[in-house]
Amino acid sequence: MTRRPSPWLMLVAAMIAQVTATAVVSTPLLLIPHLHLDEGVPLVATGALAAAPTVGTLLTLVAWGAIVDRVGERIALTSGLALLVVGSAVAWSGARADDVVVLALGFGLCGVAAGSSNSASGRLVVGWFPAHRRGLAMGIRQTGLPLGVGVAALVVPAGVQSWGVAPIVLGCLVVSAVATVFIALTVVDPPALATEGTDPRANPYRGDRRLVRIHGASALLVIPQYAVWTFMLLWLIDQHGWSPAAAGALYAVSQVLGAGGRIAAGWWSDRVGDRLGPMRQVAVAATVSMLALAVLEGSPVAITLMVAAMVITVVDNGLAFTAVAEIAGPRWSGRAFGIQNTGQYLTAAAVPPVVGAIVELAGYGWAFAAVAVFPLAAIACVPVATRR
């Protein structure tokens with residue numbers, strides 16, 4: 001008889017997969033200050049390089065979700081991380097040859113690979129945890145995104161100044177290989193998730209608009225998240241005179257605080273028995289934080305407001321993902337996660353070049369004000385309740 005694995009071990013595995021993939025695909029974003037300020041690459045071009053992993057991910061998320069629904073979490077996670085190794089190797093070859101096109105292609109392939117962890121690690125956690133702990137567990141799992149960015153922020157901005165781009169990308173390759181082996185040896189597919197009052201074989205999109213509304217709200221809420229993620233480092237260095245190492249350290253601290261916020265939001269949703277009420281309140285807070293940052297961008301409190309925005313704009317993700325899994329059921333959650341992430345990554349891919357263009361034309365204050373429109377619109381998109 002096969003021994004039942006610890007749900008917490010499965011959560012650790014999900015976290016490792018998510019942190020690894022996120023750290024790798026965040027690397028080009030964190031190269032923006034070096035490429036723009038030290039090598040003179042235009043901001044729109046560096047934004048396009050930063051968007052390459054996002055484009056790779058969004059093109060394949062639904063396909064990864066279907067793969068997870070069909071073959072399970074273990075195979076999907078292992079194959080995705082193995083592909084992350086291949087993408088890192090291609091990017092490393094481009095970095096060694098100073099070929100930006102090959103570098104972008106490699107990171108685009110890394111983005112394709114990262115799509116597996118977005119769907120499979122979420123299903124792994126939802127499948128192994130009961131409903132009364134699921135919000136907290138998914139909140140912890142969702143910290144993989146800010147923690148992955150935080151780890152990269154500690155290494156990339158300072159490391160690229162000392163060693164150059166190629167050694168940084170080689171580190172991505174090594175970490176991906178280690179994570180692939182760990183996941184292959186550890187992950188066990190969960191039993192089917194029981195969803196009360198729901199036919200697990202029924203199409204959850206038929207006759208029910210809650211999933212569509214959650215997808216729409218999440219796509220809108222990811223815009224302020226990626227705006228502050230993409231430009232916080234450059235804003236600190238260019239506007240406030242911080243060193244790359246100091247800016248990277250504050251960026252990493254902000255990501256850790258954001259991770260704590262996701263855990264707290266998951267715990268909150270378990271306590272109130274609702275994922276969507278808290279999600280709506282987060283949208284309100286995101287609107288207020290971006291407007292405050294726009295108005296006070298040049299004041300002494302601007303850095304504190306930026307850190308607050310970094311935290312607030314990330315805490316909705318775990319709430320949305322848990323609600324999607326509970327509504328979609330076991331036969332559709334992989335595809336529903338894929339659709340959810342596709343909407344988020346589609347909007348996120350446009351953020352670096354578009355917001356970069358606004359910054360160059362009108363400044364950071366106007367860019368932050370423009371971004372505030374989207375969480376405001378998300379408030380009305382969030383459904384009233386998780387259950388029909």
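Residues numbered from 1 in each chain as written. Predicted model: local features only at pLDDT ≥ 70, side-chain atom pairs only at ≥ 80, totals over all residues. Heavy atoms only, no water.

Identification of the chain as MFS family permease from Aeromicrobium tamlense is taken from an unreviewed UniProt entry. Under the heading Subcellular location (unreviewed entry), UniProt records this for the chain: "Cell membrane". (UniProt positions renumbered as here; feature names shortened; annotations may be inferred.)

### Observations regarding the nonpolar core
Counting 116 residues, the largest nonpolar core has Leu30, Trp229, Met232, Tyr251, Met279, Met290 and Phe368 as its most contacted members. Among the elements that take part in this core, helix α10 (residues 210–240) stands out by supplying 18 residues, more than any other. Among residues more than four places away in sequence, those in contact with Tyr251 are Leu29, Leu30, Val149, Ala153, Val228, Trp229, Met232, Leu233 and Met310. (Core = buried A, V, L, I, M, F, W, Y, C linked by side-chain atoms within 4.5 Å. Buried < 20%, exposed > 50% of the residue type's maximum accessible area, 1.4 Å probe, protein only. Helix = DSSP H or I, 4+ residues; strand = E, 2+ residues; numbered from the N terminus. Contact = heavy atoms within 4.5 Å.)

### Focus: the packing of α10 against helix α15 (residues 333–362)
Across the interface, α10 lies against α15 with an axial gap of 8 Å and an inter-helix angle of 40°. As summarised for this structure, α10 and α15 are arranged oblique, according to the angle between their axes. Two packed elements cross with a definite hand, and for α10 against α15 that hand is right-handed. Residue-level contacts link Ile214, His215, Ser218, Ala219, Val222, Ile223, Tyr226, Ala227, Thr230 and Phe231 of α10 to Ala336, Ile339, Gln340, Gly343, Gln344, Tyr345, Thr347, Ala348, Val351, Pro352, Val355 and Gly356 of α15. (Axes fitted to C-alpha atoms, helices over the stretch in contact; angles between N-to-C directions. Parallel < 35°, antiparallel > 145°, perpendicular 65-115°, else oblique. Left-handed = near helix turned anticlockwise from the far one by under 90°.)

### A word on the side chain of Thr180
With respect to the helices, strands and loops of the structure, Thr180 is situated in helix α9 (residues 165–186). At 3.2 Å, the side chain of Thr180 and the backbone oxygen of Leu81 are in polar contact. Setting aside residues no more than four positions away along its own chain, Thr180 makes contact with Thr78, Leu81, Ala82 and Val85. (Polar contact = N/O pair within 3.5 Å; in protein donor to acceptor, adjacent residues only side chain to side chain.)

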